[in-house]
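Each chain, letter by letter, is given below.
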Amino acid sequence: MNEEALQQALTDTQNLGEMPDADAVGTVGSPDCGDMVRLWIKYKEKDGRKVIDKASFQSFGCQTAIAVASIATELIRGKTKEEALAMKADELSRPLGPLPPMKIHCGQMVEGALRAALEAESTATPASAAPVTAPDQAGTLADALSAAGKTAGKVKIVLTS
Ligand code: FES
């Protein structure tokens, strides 16, 4: 992994935070490590095509997941849903170089959150201007984690220290 690119993504993290006016949102949690990523997408029309205007994320995850999400939310700007769906974790994290085996799932979690957001949007009614937020997708990741704590078996959260 390119440590310099990792540090750059962590010290200058892009697109971090909730997006209240998003068109779609996707959340993925890793059963391996208990980390979570939520990703918001906003579309726009450009040259007759519907493309991703911007994306943002929240993460309760490791540094690699945050770095990949920062990079990925930049890389997908201007892409159509189909183009973004075609991007795999290794492409979304390419500036970081190949991830070590124990960190591959971190990139896959970001890919999963992106895919969830893209697919969530595809089920929306075109006339709907409201953000696509399934009940468990509404609010912040902190809300989801809080709710998850009340839903046994879905997410395991271990507090240290
Ligand atoms: S997302 Fe689980 S260790 Fe990185």
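Throughout, a residue's number is its position along its own chain's written sequence, starting from 1. Local features in this predicted model are restricted to residues whose pLDDT is 70 or higher, and side-chain atom pairs enter the listing and the counts only when it is 80 or higher, whereas totals over whole chains, interfaces and linings include all residues.

Draft legend 1. Here's a closer look at the pairing of strand β1 (residues 24-29). Exposed residues have 12 or fewer other C-beta atoms within 10 Å of their own C-beta, buried residues have 20 or more, and partly exposed residues fall in between, where C-beta atoms are placed from the backbone. By definition, any uninterrupted DSSP run of H or I lasting at least four residues is a helix, any uninterrupted run of E lasting at least two residues is a strand, and each is numbered from the N terminus. Counting buried positions over the six residues of β1 gives six, a clear majority of the element. The two faces of β1 match: A24, G26 and V28 on one face and V25, T27 and G29 on the other face are all buried. Here a strand pair is declared whenever DSSP counts at least two bridges between the two strands. As paired strands, β1 and strand β2 (residues 36-46) are joined by six bridges and run antiparallel to one another. Note on β2: the bridge partner recorded for V25 is W40.

Draft legend 2. Looking closely at the sheet that holds β1. An order of β1-β2-β3 is seen for the three strands of this open sheet, with the pairing classed as antiparallel. Two strands lie at the open edges of the sheet, namely β1 and β3 (49-60), each paired on one side alone. Ignoring strand direction, the axes of neighbouring strands in this sheet form an average angle of 20 degrees. In terms of strand pairing, β2 meets β3 through 11 bridges, oriented antiparallel. Bridge pairing in β3 links R38 to Q58. C-beta atoms are placed from the backbone for every residue, and two residues are taken to be in contact when these atoms lie within 7 Å. The axes are straight lines fitted to the C-alpha atoms, using for helices just the contacting stretch, and the angles between their N-to-C directions are given from 0 to 180°. Its contacts with the sheet place helix α2 (residues 63-75) against β2 and β3, and it is angled at close to 165 degrees to β3.

Draft legend 3. Spotlight on the environment of A65. You can see A65 is positioned in helix α2. Along the primary structure A65 and M36 are separated by 29 residues, whereas in three dimensions their C-alpha atoms are 8.9 Å apart. In contact with A65, not counting residues within four places along its chain, are D35, V37, S59, C106, M109 and V110.

Draft legend 4. Layout of the nonpolar core. In this structure, V37, L39, V68, V110 and A117 are the most contacted members of the largest nonpolar core, which totals 38 residues. For this core, the secondary structure elements donating two or more residues are α1 (3-11), β1, β2, β3, α2, α4 (89-92) and α5 (104-122). No other element matches α5, which puts nine residues into this core. Once residues lying within four places of it in the same chain are set aside, the contact partners of V37 are V28, F57, S59, G61, A65, A69, M109, V110 and A113. What makes a nonpolar core is a set of buried Ala, Val, Leu, Ile, Met, Phe, Trp, Tyr and Cys residues, with links drawn between C-beta atoms within 7 Å.

Draft legend 5. Representation of unusual backbone geometry within the structure. Of note, the phi angle at N15 is positive, near 60 degrees, even though the residue is not glycine. Phi is positive for D47, close to 55 degrees, though the residue is something other than glycine. Structurally, the position occupied by D47 is in the loop between β2 and β3. For D47, a count of 5 C-beta atoms within 10 Å puts it in the exposed group.

Draft legend 6. Representation of the packing of α1 against α2. The N-to-C vectors of α1 and α2 enclose an angle of 75 degrees; their axes lie 9 Å apart at closest approach. In terms of axis orientation, α1 runs roughly perpendicular to α2. For the pair α1 and α2, contact is made by L6, A9 and L10 and by Q63, I66, A67, S70 and I71, respectively. Class assignment for the residues of the contact of α1 with α2 results in six nonpolar, two polar and no charged. Here the word oblique covers every angle except those under 35 degrees (roughly parallel), over 145 (roughly antiparallel) and from 65 to 115 (roughly perpendicular). Three residue categories are used. Nonpolar comprises Ala, Val, Leu, Ile, Met, Phe, Trp, Tyr, Cys and Pro, charged comprises Asp, Glu, Lys and Arg, and polar comprises the others, including Gly.

Worth remembering: the numbers are spatial, not functional.
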